[in-house]
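# Coordinate analysis (summary)
Here is how the chains run, residue by residue.
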Amino acid sequence: MSDPNPKAARRATATVGAEAVQRCVLPSCAAGYGIREQIYVCPRCGGPLEIDCALEAIKQARDLPKLWDSRAASHDPRDRSGVWRYRELLPFDDRAPIVTLLEGNTPLYEAPRSAKYAGLSALRLKHQGCNPTSSFKDTGMTAAVTQAALLGARTVVCASTGNTAASLAAYAARAELQCAILLPQGQISPAKLAQSMDYGAIVCEIPGNFDDCMRLIGELADEPLIYIANSINPFRIEGQKTVAFEILEQCEWRVPDHVVVPGGNMGNSSALGKGFDEMLRLGLIDRLPKLSVIQAEGAAPLAHLFASFESKGDTEVENFPSQIDFVQHPRTLATAIKIGAPVSWKKALRAVLRSHGSIITVTEQEIADAKAIIGRDGIGCEPASATTVAGIRKLVGAGKIRAEESVIAVLTGHVLKDPDYVSNYHRGTLSLGLTEQGSAPKPLHITGAFRNAPEKIAASKNAILESLERRR
Ligand code: F0G
């Protein structure tokens, strides 16, 4: 490590590791549990758990940004990882043997075409698809699998719409742990499935949807040698919260007005909310960015709840409801977020309300066209990620985001995660319903506004030049 001011750094590196506890997030309970207890929900009331990082243990918080920054030049794997270089705020002690693929450190791109499309003067895209397994899941998985190894787990498991599975499979392979993944049969992008197979996971294809897989995971939770790596696992969230730190670092600690993320199982929004909140509590920022979550119209239980809540003019955190109507048959071509019963909805809702953000839906057409525009910026992403730009456009239209405000959209997966979708969009064959299970009445065809289909062309110079001329 090469700390420029070792003394200040040492003061700041009083890590939270030893002091952290697992705590029930429900204010009426708030029970605390030891950091190495293998639990996923509060044993007393069944509420969601999060890590209470005892931030008061950090004495010189103002020194942290410099320390984190200085690690960029180091060769220590803990410094090279965009998660572990924030280890002062992670619930592990310094000697923990970490399982890393050098995740994080992803780019924050300017995206002028996407900005214009959304009605903004500027827009930045934080591309979490540039992680080792090409999705944002890696920042959480490095922490969850490190915890699994510390607990002496034999097997790690998850339910997944594809990306969690690919990520867990890779980190489990690094840690030499057995890995089993539960996937809804026939509803996963082949590219994601291929990753899990390649990383050596036991792939269990379940008849049913993601929510059915998640229910099965709940049943496995009491097996002592099995460790669950879905985002109900609070250690996953600890890894993922570091993305908030990295965003602020990339913004030179100037707080963006809005951060916008897709919503599926709601781990990502919960994690970002926690990360920004910790920065505020440490005094490293003086306000929270407004955190907004975008769901696909056919899989949007939290957006529906939020709308009913907002229509009553009541968006106070204290009054947030304890019940939600889940969507029984979620439908969307953005298969990553085809989820009707998100496990982390309470944490996500709390984060959005605290920051005065929104939760809204976008249509299949809006997702598809926004995705193509992100591609035109030379960036690209998978369909679920494009809900962000589609959602920002809608929020701008509704006056909830102003054109000159600073906005960051978090892209969660790489464009190659779902090549069939991309190809169908550009060839004009994208539709929802044909291959869906359940009661889809008739297929919904997407006519892409930005199609770019390949052209069959004669093998001659002239034919090529003609084609270029035609498309100028
Ligand atoms: N974007 C992508 C590309 C995803 O894979 C997911 C979730 C989300 C957004 C939503 O994030 O669940 O934290 O709200 N994928 C999970 C999986 C469910 O199994 O891969 P979330």
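What this report covers is the structure whose coordinates are included nearby. Nothing here was measured: the structure is a model prediction, and the numbers come from that model. (Residues numbered from 1 in each chain as written. Predicted model: local features only at pLDDT ≥ 70, side-chain atom pairs only at ≥ 80, totals over all residues. Heavy atoms only, no water.)

### Things to note about the site of the ligand
Around the ligand sit 20 residues, and of these Ser160, Thr161, Asn265, Met266 and Thr412 come closest. Taking Asn163, its side chain carries an N or O atom lying 2.8 Å from an oxygen atom of the ligand. Within the contact set of the ligand, an oxygen atom lies 2.8 Å away from a backbone nitrogen or oxygen of Gly264. Surface burial for the ligand is 99%, taken as the share of its 470 Å² of free accessible area covered by protein chains. For the shell around the ligand, the secondary structure elements donating two or more residues are helix H6 (163-175) and helix H10 (267-281). Residue composition of the shell around the ligand, grouped by class: seven nonpolar, 11 polar and two charged. (Near = heavy atom within 4 Å. Polar contact = N/O pair within 3.5 Å; in protein donor to acceptor, adjacent residues only side chain to side chain. Areas by Shrake-Rupley, 256 points an atom, 1.4 Å probe, with all protein chains shown as cover. Helix = DSSP H or I, 4+ residues; strand = E, 2+ residues; numbered from the N terminus. Nonpolar A, V, L, I, M, F, W, Y, C, P; charged D, E, K, R; others polar.)

### Description of the side chain of Arg350
Tracing the chain through its elements places Arg350 in helix H12 (residues 345-355). Among all residues touching Arg350, those that are not within four sequence positions of it are Val25, Glu50, Val317 and Phe320. (Contact = heavy atoms within 4.5 Å.)

### Topic: the sheet that holds strand E11 (residues 290-296)
Taken in spatial order, the six strands of this open sheet run E4-E5-E13-E10-E11-E12, and their pairing is mixed. The strands lining the two open edges of the sheet, one partner per strand, are strand E4 (108-110) and strand E12 (359-362). When the angles between neighbouring strand axes are averaged without regard to direction, this sheet yields 30°. Examined bridge by bridge, E11 and E12 share four bridges and lie parallel to one another. Within the sheet, the bridge partner assigned to Val293 lies in E12 and is Ile359. In the packing of H12 onto the sheet, the strands contacted are E11 and E12, and the crossing angle to E11 comes to about 135°. (Pairing = 2+ DSSP bridges. Axes fitted to C-alpha atoms, helices over the stretch in contact; angles between N-to-C directions.)

### Let's talk about the nonpolar core
Within the largest apolar cluster, 93 residues are counted, with the highest numbers of intra-cluster contacts made by Leu89, Leu272, Met279, Leu282 and Leu302. What Leu89 contacts, discounting residues up to four positions off in sequence, is Val16, Cys53, Leu55, Ile58, Trp68, Glu238, Lys241, Phe245, Met279 and Leu282. In this structure, Val260, Leu333, Ala386 and Val396 belong to the second largest nonpolar core, which totals 40 residues. (Core = buried A, V, L, I, M, F, W, Y, C linked by side-chain atoms within 4.5 Å. Buried < 20%, exposed > 50% of the residue type's maximum accessible area, 1.4 Å probe, protein only.)

### Considering the environment of Lys417
Structurally, Lys417 is set in the loop between strand E13 (407-411) and helix H15 (419-427). The contact partners of Lys417, leaving out residues within four places of it in the chain, are Thr133, Ser134, Ser135, Asn163, Ala166, Ser189, Ala191, Lys192, Gln195 and Glu382. From its side chain, Lys417 meets the backbone oxygen of Thr133 in a polar contact 2.9 Å long. Within polar-contact distance, the side chain of Lys417 engages the side chain of Asn163 at 2.8 Å.

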